[in-house]
Amino acid sequence: MSDDARGPSQSPRWPLWVFLSTLLTATLLRLFLARMARHPGPADFSFYFIVARNMANGRGPVLDVVGQFLYDPQALPCYANDYWMPMASWVMSLFLRTAGDSLFVALIPSMICGTALGVLSLFAGRLVSNSWSVGLCAGAIVLVLPPLLKYSLVTDGAIYYACWVGAGLLALMMARRSGPGMPSTAPLGEGSDARRSSD
């Protein structure tokens, strides 16, 4: 019986423990490093944080400095999102408004998205391989992947968009697998089976 047929509770236990221990370790590491942060960083990181703080203080999406040089701003403060995308600042501002004005609070949604990518990878790995063991190991690896760990600890929009894209791809995979009238992902699995049998 395959892992997929047995379900996660009946699959070998070690991948589950690997994923859970990695999830706990990655979460504690993110919290520890976020507590040490004293400045959002240069360029885009500062831009998103400053705009989020202005929005949380009721000033709206405005910027108090010149953020880009494509054309001269009419005045300062100026509208912030004439060049950069607004979602990161909007999300951070909600946390700043409800949980307090600090860099650590602004990093919370990035840390959530970084953790969510690990969970999304778990289910994507399971769908592709029909194995909970593979899915759990894939999720554990993504949780501690250095580039994703880095971007879950900065005030930048990249990790948000990666999370949205990951969720969209997982939804597409699930729809192709089980949705009525949608093309099946079975050929992918058949190809894998054929390669294994040829080996």
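Heads up: these notes are all about the structure in this document.

Rules behind the numbers
- Residues numbered from 1 in each chain as written.
- Predicted model: local features only at pLDDT ≥ 70, side-chain atom pairs only at ≥ 80, totals over all residues.
- Heavy atoms only, no water.
- Helix = DSSP H or I, 4+ residues; strand = E, 2+ residues; numbered from the N terminus.
- Contact = heavy atoms within 4.5 Å.
- Phe/Tyr/Trp six-rings, centres within 6.5 Å; stacked < 30°, edge-to-face > 60°.
- Buried < 20%, exposed > 50% of the residue type's maximum accessible area, 1.4 Å probe, protein only.
- Salt bridge = Lys/Arg side-chain N within 4 Å of Asp/Glu carboxyl O.

On to the overall build of the chain, then. Within the chain, the secondary structure is distributed over 9 helices and 2 strands. Start at the N end of the chain and walk to the C end: the helices and strands fall as α-α-α-β-β-α-α-α-α-α-α. In the chain, 65% of the contacts between residues at least 6 apart in sequence involve partners at least 24 apart.

For the rest of this paragraph, the subject is the packing of aromatic side chains. The final tally for this structure, using the stated rule, is 2 aromatic pairs. Ring geometry for Phe123 and Trp132: centres 6.0 Å apart, planes at 80°, overall edge-to-face. According to the relative accessible area criterion, Trp132 is buried, its value standing at 11%.

A few words on the pattern of salt bridges. Two side chains carrying opposite charge are able to pair once their charged atoms lie near each other. Taken as a whole and judged by the stated rule, the model has 1 salt bridge. Put simply, Asp101 and Arg53 hold a salt bridge, and the shortest N to O gap is 3.0 Å. Of this pair, Asp101 sits in the loop between helix H4 (87-99) and helix H5 (103-129) while Arg53 is found in helix H3 (residues 44-56), placing the two residues 48 residues apart along the sequence. Arg53 sits in the partly exposed class, given a relative accessible area of 32%.

Any link to function would need more than the numbers given here.
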